[in-house]
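Residue-level structural notes
Given next are the chains, with one letter for each unit.
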Amino acid sequence: QRSHISINDRKRRRNFFLGFSQSPVNFVSSLIESQQRDLKTMKNFQTNYPTQYVQRSHIFKDAWVHDAAIRYLHQRIASQTTD
């Protein structure tokens, strides 16, 4: 599983740098356009964000969240070392 992820990551990086090396101006222009689309999408999401989620967000500011996150990360690291 890890090797599959590593191969995909390296392929993605290679394509990124290959695109930049072939045409830097077009690459940067398309990257900026992509970032603008993402920003516009996020702004639309924020304005259409359901208020029920905002009203319940205080739950995740409690102390138990920190403990739960630490336990989750420890379990995840332990499962990766056993694989």
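The following paragraphs examine the structure supplied in this document.

The rules behind these values
Just so you know, the residues in each chain are numbered from 1, in the order the chain's sequence is written. Local features in a predicted model are, by the rule used here, given only for residues with pLDDT of at least 70; side-chain atom pairs are given and counted only at 80 or more, and totals for whole chains, interfaces and linings are based on all residues. Side-chain numbers come from the whole structure's heavy atoms, not from hydrogens or water. Two rings from Phe, Tyr or Trp (for Trp, the six-membered ring) form a pair when their centres are within 6.5 Å of each other. A pair whose planes differ by under 30 degrees is stacked, one over 60 is edge-to-face, and the rest are tilted. Only protein chains enter the area calculation, which uses a 1.4 Å probe; residues under 20% of their type maximum are buried, those over 50% are exposed, and those in between are partly exposed. One side-chain nitrogen of Lys or Arg within 4 Å of one carboxyl oxygen of Asp or Glu is enough to make a salt bridge. Every helix listed is a DSSP run of H or I at least four residues long, and every strand listed is a run of E at least two residues long, numbered separately from the N terminus.

In total, this model carries three aromatic pairs according to the counting rule given. The interplanar angle of 85° and the centroid separation of 5.3 Å between the aromatic rings of Phe-16 and Phe-17 together place this pair among those described as edge-to-face. We classify Phe-16 as partly exposed; its relative accessible area is 39%. Members of the aromatic cluster, joined through ring pairs, are Phe-16, Phe-17, Phe-20 and Phe-27.

All told, the structure shown has two salt bridges when counted by the stated rule. Across the pair Arg-12 and Asp-9 runs a salt bridge whose closest N-O atoms are separated by 2.5 Å. Separated by three residues within a single helix, Arg-12 and Asp-9 lie in helix α1 (residues 2–22), roughly one turn from each other. Asp-9 serves as the salt-bridge partner of Arg-13, at 3.4 Å between the closest nitrogen and oxygen. One end of the pair, Arg-13, and the other, Asp-9, are both in helix α1, four residues apart, so they sit about a helical turn from each other. Within this structure, Asp-9, Arg-12 and Arg-13 form a network of salt bridges that share partners.

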